[in-house]
Amino acid sequence: MSLYCSPTCPYSHQVRFVWHEKGVQADIHYIDPENPPADVIDLNPYHESVFTTLVDRDLVLYDHRIIMEYLDERFPHPPLHPMEPVARAQARMLIHRIDHDWYRLLDEIQNSGEKKAARARKTLREDLIVATPLFAAKPYFLSEEFSLVDCALAPLLWRLPSVGIDLSREAAPIRAYAQRIFAREAFQSSLSEAEREMAQLPLSA
C-alpha cells in the first residue's frame, strides 16, 4: 500500500491523520502538486486531484473521504466510524458539511485575490465562533468517542494561524478541543515538515 499526496494539502492531511491513527505500515510519498510524477497522474483520471492517491495492490482511490473510510474498514482497529447505521450516516454528513462549509472557505483564503480572501477569512472566523457550543458539548466533535469527524476537522484548525485567523476568548472551547486533538501521537506523526512550520492555534486571544 502506498499513499501519494501533497505535503501541505489539508485534504491529504485528513487522510494522513487516519493513516497514523490506524498505524498503517506502508509508504507515504510526498509529491509536488504543481509537478506531479507522470505515473501518479496516470493513476488518476482527474488530474487536478492527484494531491491524494492511495494504491493498494490493484485498487486505486483518489477521493480523500473515500480513502479515509477505506482505511477505517481495511484496518478495523481502532474503529473510527460508528457501527450503528444512523450514527454512521450522521458522521458522514458532518464530514461533508465540514468540507463544504469550512474547507471551501479555507480554499478561498488560500487561492483567491485579496478582497475575496478577506471576506472568506472573516466568514470562517465568524462561523467557527458561532459553532463554539458544538465544540463544548462533548469531548470530541459532537461525540463521546474520537472519530473520522475529528480527523477531518483537525487539519483545518491547525491551519488557522497560517491564514491569519485568531479566535477570541469566547472560542476557548475550540482552542481546548484543538489542543486535545493536536496532542495525539497520530496527529503529530501525520504532520509533514511543511505543516510543522505552521503555527499552532493560539491558547489565548
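Residues numbered from 1 in each chain as written. Predicted model: local features only at pLDDT ≥ 70, side-chain atom pairs only at ≥ 80, totals over all residues. Heavy atoms only, no water.

For the chain, an unreviewed UniProt entry supplies the name Stringent starvation protein A and the organism Methylomarinovum tepidoasis.

**Quick word on the overall build of the chain**
Applied cut-off: Every helix listed is a DSSP run of H or I at least four residues long, and every strand listed is a run of E at least two residues long, numbered separately from the N terminus. Here the globule rule reads 2.2 Å times residues to the power 0.38, and the radius of gyration is calculated from C-alpha atoms.
Of regular secondary structure, the chain possesses ten helices and four strands. For the chain, the α and β elements follow one another from N to C terminus as β-α-β-α-β-β-α-α-α-α-α-α-α-α. For a compact globule of 205 residues, the expected C-alpha radius of gyration is about 17 Å, and the chain comes in at 17 Å, within 12% of that figure. C-alpha extents for the chain along the principal axes are approximately 50 × 45 × 30 Å.

**A closer look at the pairing of strand β2 (residues 27-30)**
As a reminder of what qualifies: DSSP calls a pair of strands paired once it identifies at least 2 bridges connecting them. A clockwise path from the first strand over the helix to the second, with the strands pointing away from the viewer, defines a right-handed crossover.
With four bridges joining them, strand β1 (residues 2-5) and β2 adopt parallel strand pairing. Bridging from a neighbouring strand, Ser2 pairs with Asp27 of β2. In this fold, β1 hands off to helix α1 (residues 10-21), which returns the chain to β2; that crossover is right-handed.

**Considering the pairing of strand β3 (residues 52-56)**
Keep this limit in mind: Any residue under 20% of the maximum accessible area for its type is buried, any over 50% is exposed, and the rest in between are partly exposed; the area is computed with a 1.4 Å probe on protein chains only.
Where burial is concerned, most of β3 is hidden: five out of the five residues are buried. Examined bridge by bridge, β1 and β3 share four bridges and lie antiparallel to one another. When the sheet's bridge partners are listed, Ser2 is paired in β3 with Val55. Sheet topology note: the β3/strand β4 (residues 59-61) ladder contains three bridges and is antiparallel. Directly across from Val55, in β4, lies its bridge partner Val60.

**Thoughts on the nonpolar core**
Basically, it comes down to this: In these notes, a set of buried Ala, Val, Leu, Ile, Met, Phe, Trp, Tyr and Cys residues joined through side-chain atoms within 4.5 Å is what counts as a nonpolar core.
By size, the foremost hydrophobic cluster in this structure holds 54 residues, and its most contacted members are Trp102, Phe135 and Leu157. For this core, the secondary-structure elements that each account for two or more residues are β1, α1, α3 (64-74), α4 (85-111), α5 (114-130), α7 (148-159), α8 (172-182) and α9 (185-190). Here the element with the most residues in this core is α7; it accounts for nine residues.

**Focus on the packing of aromatic side chains**
Stated precisely, the cut-off is as follows: Only centres within 6.5 Å qualify two rings of Phe, Tyr or Trp (six-membered ring in Trp) as a pair; their planes then separate them into stacked at under 30 degrees, edge-to-face at over 60, and tilted for everything else. Geometrically, a lysine NZ or arginine CZ counts as sitting over a ring once it is within 6 Å of the ring centre and also within 35 degrees of the ring normal.
Scanning the entire structure with this criterion turns up eleven aromatic pairs. Relative to Phe182, the ring of Trp158 has its centre 4.9 Å away and its plane inclined at 90°; by these criteria the two rings are edge-to-face. Of the two residues, Trp158 sits in helix α7 while Phe182 sits in helix α8, which places them 24 residues apart along the sequence. Feature note: the residues Phe17, Tyr140, Phe146, Trp158, Phe182 and Phe187 constitute an aromatic cluster, connected by ring pairs. We note Arg184 situated over the ring of Phe146; from NZ or CZ to the ring centre the distance is 3.7 Å.

**Here we look at the pattern of salt bridges**
The cut-off we apply is this: Just to be clear on terms, a salt bridge is a Lys or Arg side-chain nitrogen sitting within 4 Å of an Asp or Glu carboxyl oxygen.
Under the criterion given, the structure shown has eleven salt bridges. Residues Glu195 and Arg159 are paired through a salt bridge, measuring 2.6 Å at the closest nitrogen-oxygen approach. Taken together, the residues span a long stretch of sequence, with Glu195 in helix α10 (residues 193-196) and Arg159 in helix α7 at a distance of 36 residues. Taking relative accessible area as the criterion, Arg159 reaches 0% and is therefore assigned buried.

**A few points about the packing of α7 against α8**
For clarity, the threshold we go by: A fitted line through C-alpha atoms represents every axis, and for helices the fit uses only the stretch in contact; the resulting angles, taken between N-to-C directions, go from 0 to 180 degrees. An angle counts as roughly parallel when it lies under 35 degrees, as roughly antiparallel when it exceeds 145, as roughly perpendicular when it falls between 65 and 115, and as oblique in every other case. The contact definition used throughout considers only heavy atoms, calling two residues in contact when any of these lie within 4.5 Å. Each residue receives one of three labels: charged for Asp, Glu, Lys and Arg, nonpolar for Ala, Val, Leu, Ile, Met, Phe, Trp, Tyr, Cys and Pro, and polar for the others, Gly being one of them.
Where α7 contacts α8, the axes come no closer than 10 Å and their chain directions differ by 110°. By the criterion of interaxial angle, the relationship of α7 to α8 is roughly perpendicular. Where α7 abuts α8, its residues Asp150, Leu153, Ala154, Leu157 and Trp158 lie against Ile174, Tyr177, Ala178, Ile181 and Phe182. When grouped by side-chain class, the residues that make up the contact of α7 with α8 number nine nonpolar, no polar and one charged.

**Quick notes on unusual backbone geometry**
Residues His77 and Pro78 are joined by a peptide bond in cis, for which omega reads -5°. Structurally, Pro78 is set in the loop between α3 and α4. We note that Arg57 has phi near 55°; this positive angle belongs to a residue other than glycine. Examined against the element boundaries, Arg57 turns out to sit in the loop between β3 and β4. Classification of Arg57 by relative accessible area gives exposed; the value is 70%. Despite not being glycine, Leu142 has its phi angle at roughly 55°, a positive value. The residue Leu142 is located in the loop between α6 (132-137) and α7 in this model. Residue classification places Leu142 among the partly exposed positions, given a relative accessible area of 35%.

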